[in-house]
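A structural walkthrough
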Amino acid sequence: MTDDHPYRQQKEITFVVPCYNSAEYMDHCIDSILHGRGDIEIIIVNDGSTKDDTAAKADEWAERHPDVIKVIHQENKGHGGAVMAGLRAATGVYFKVVDSDDWLDPVALNLMLSKLRHFIHSGSPVDLVIANYVYEHTNSGTQKVIRYRRMMPQNRVFTWNEMGIPSPGQNILMHSAIFRTQVLRDSGVELPEHTFYVDNIFVYVPLPSVSTLYYLPVNLYRYFIGREDQSVNESVQVGRLDQQMRVTDIMIEAHKLPEGAGNRHLAGYMEQYLGLIMAASSMFALLEGTEKGLRMRREMWEHVDRVDPLLKGRLGLRQPLVLAANLPGPLGRKISLSLYRLAQRIYKFS
């Protein structure tokens, strides 16, 4: 790169690691990222940890790798607050979140970094790079790889016009996404504090700002599933129904494309994604099992009707799970729950 190259003063990628009482497992996560060969930046965000030595561990990592690792200590703001702190401080051309109980595969990581380096040296880095991720079910010792081979072209730059239809469980998630940092900033994405499940907002809201994509079919992100207190644990999700609904409401508001971003393939993908989230919200409301849950479920659909009276019908056409999760009456709700359990066994999503 020449001295006047626009990305000359930037790291190639910033990895943000939100940590909240993560001392037991954060070392594995950070060590896996350090296997990356290149000009990388790691920002550890200690999000108000009080129950262990997360803060001290973070500082020790920064002392050992001062050219790579930075630490932000802040009052507890939740996952979204930690990600936003990392985004504000990031100096990388690209940006990726790695949760402190997850890790990256070293071979896949270096293949990905090599590809990012190529994009940066070209002077026209793509907006969104996607890689596979792996559900690591530690209790059963099983894995499930989420791939995108039938959904998008492999190993070449493409646009939304070439995006296929995802199968259930195949949406682009935070685990699979590597955004160009400026795309995230230009999108205006803001994650609410003290709210779980904001990773859906993080990926969803910036999509209209994405023009170019690239799918690298490697198993990069290893997504740990197994802790009883984990946010994807079903009982935890049901207990946080209000937060799930808060995220869903933000996505409902964001589903309409801004003027100039009216690509029908992008619109279709965003509606399909929204349908899946709304189906999940409906199911957690049923699992919650109270009149309060059913009321929140009704209010969610009333919100849809206020934003776009035709949206519910389009969601049902694009995402059959929307219809399956919202069958009417007590019998319909029992059938919806049975279908949810079947999907859970097939796709192993929690």
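The present account deals with the structure reproduced in this document. (Residues numbered from 1 in each chain as written. Predicted model: local features only at pLDDT ≥ 70, side-chain atom pairs only at ≥ 80, totals over all residues. Heavy atoms only, no water.)

A few words now on the overall build of the protein chain. Across its full length, the protein chain holds 13 helices and 10 strands. Here the C-alpha radius of gyration of the protein chain, 20 Å, is about what a compact globule of 350 residues would show, namely 20 Å. Oriented by its inertia axes, the alpha-carbon framework of the protein chain measures out at about 65 × 45 × 35 Å. Here the protein chain holds 350 residues, and 54% of them are scored as buried. Within the protein chain, contacts between residues separated by at least 24 positions form 78% of all contacts whose residues are at least 6 apart in sequence. On the protein chain, roughly 15,500 Å² of surface is accessible, and the fraction owed to carbon and sulfur atoms is 51%. Separation of charge centres in the protein chain, based on 38 positive and 41 negative side chains, amounts to 8 Å. (Helix = DSSP H or I, 4+ residues; strand = E, 2+ residues; numbered from the N terminus. Rg over C-alpha atoms; globule rule 2.2 N^0.38 Å. Buried < 20%, exposed > 50% of the residue type's maximum accessible area, 1.4 Å probe, protein only. Contact = heavy atoms within 4.5 Å. Areas by Shrake-Rupley, 256 points an atom, 1.4 Å probe, with all protein chains shown as cover. Lys, Arg positive; Asp, Glu negative; His and termini not counted. Charge placed at Lys NZ, Arg CZ, Asp CG, Glu CD.)

We now examine unusual backbone geometry. In this structure, Asn155 is a non-glycine residue whose phi angle is positive, near 60 degrees. In this structure Asn155 comes out as partly exposed when scored by relative accessible area, which is 45%. For Tyr197, which is not a glycine, the phi torsion comes out positive at approximately 70 degrees. Looking at where Tyr197 falls in the secondary structure, it is placed in the loop between helix 5 (181-187) and helix 6 (199-204).

Moving on, we get to the pairing of strand 2 (residues 40-47). The element strand 2 is extensively covered by neighbouring structure, given that eight of its eight residues are classed as buried. What you see with strand 2 is no split at all: Ile40, Ile42, Ile44 and Asn46 on one side and Glu41, Ile43, Val45 and Asp47 on the other are buried throughout. By the bridge criterion, seven bridges tie strand 1 (residues 11-19) to strand 2 in an arrangement that is parallel. Counterpart to Thr14 in the pairing with strand 2 is Glu41. In this structure, strand 2 lies alongside strand 3 (residues 69-74), joined through six bridges in parallel fashion. Within strand 3, the residue paired with Asn46 across the bridge is His73. Since strand 2 and strand 3 lie parallel, the crossover through helix 2 (residues 54-64) that links them has a hand, and here it is right-handed. (Pairing = 2+ DSSP bridges. Right-handed = clockwise from strand over helix to strand, strands pointing away.)

Evaluation of the coordinates by the stated rule reveals 10 aromatic pairs. Ring centres of Phe95 and Phe202 lie 6.2 Å apart, and the angle between their planes is 40 degrees; this geometry places the pair in the tilted category. Linking Phe95 in strand 4 (residues 92-97) with Phe202 in helix 6, this pair joins segments that are 107 residues apart in sequence. Of the two residues, Phe95 and Phe202, both sit in the buried class. Judged by centre distance (5.8 Å) and plane angle (85 degrees), the rings of Phe179 and Phe202 are edge-to-face. Remark: Phe202 occurs in helix 6 and Phe179 occurs in strand 9 (residues 177-180); sequence separation between them is 23 residues. Each member of the pair, Phe179 as well as Phe202, carries the same accessibility label: buried. (Phe/Tyr/Trp six-rings, centres within 6.5 Å; stacked < 30°, edge-to-face > 60°.)

Within soluble globular proteins, side chains that are nonpolar generally end up buried alongside one another. One finds Phe15, Tyr94, Met112, Ile172 and Phe202 to be the most contacted residues of the largest nonpolar core, which totals 108 residues. Broken down by element, this core gets its largest block of residues, 12 residues, from helix 9 (residues 264-288). The contact partners of Met112, leaving out residues within four places of it in the chain, are Ile13, Phe15, Ile178, Leu216 and Leu220. (Core = buried A, V, L, I, M, F, W, Y, C linked by side-chain atoms within 4.5 Å.)

Side-chain pairs of opposite charge can arise whenever the charged atoms involved come near each other. Per the counting criterion, the structure on display carries 12 salt bridges. Among the ionic pairs, Glu299 bridges to Arg295, the shortest N-O distance being 3.2 Å. Highlighted residues: Glu299 and Arg295, both in helix 10 (residues 291-307), separated by four residues, approximately one helical turn. By relative accessible area, which is 37% here, Glu299 ends up partly exposed. Several salt bridges share partner residues, and in doing so they unite Asp105, Glu136 and Arg222 into one network. (Salt bridge = Lys/Arg side-chain N within 4 Å of Asp/Glu carboxyl O.)

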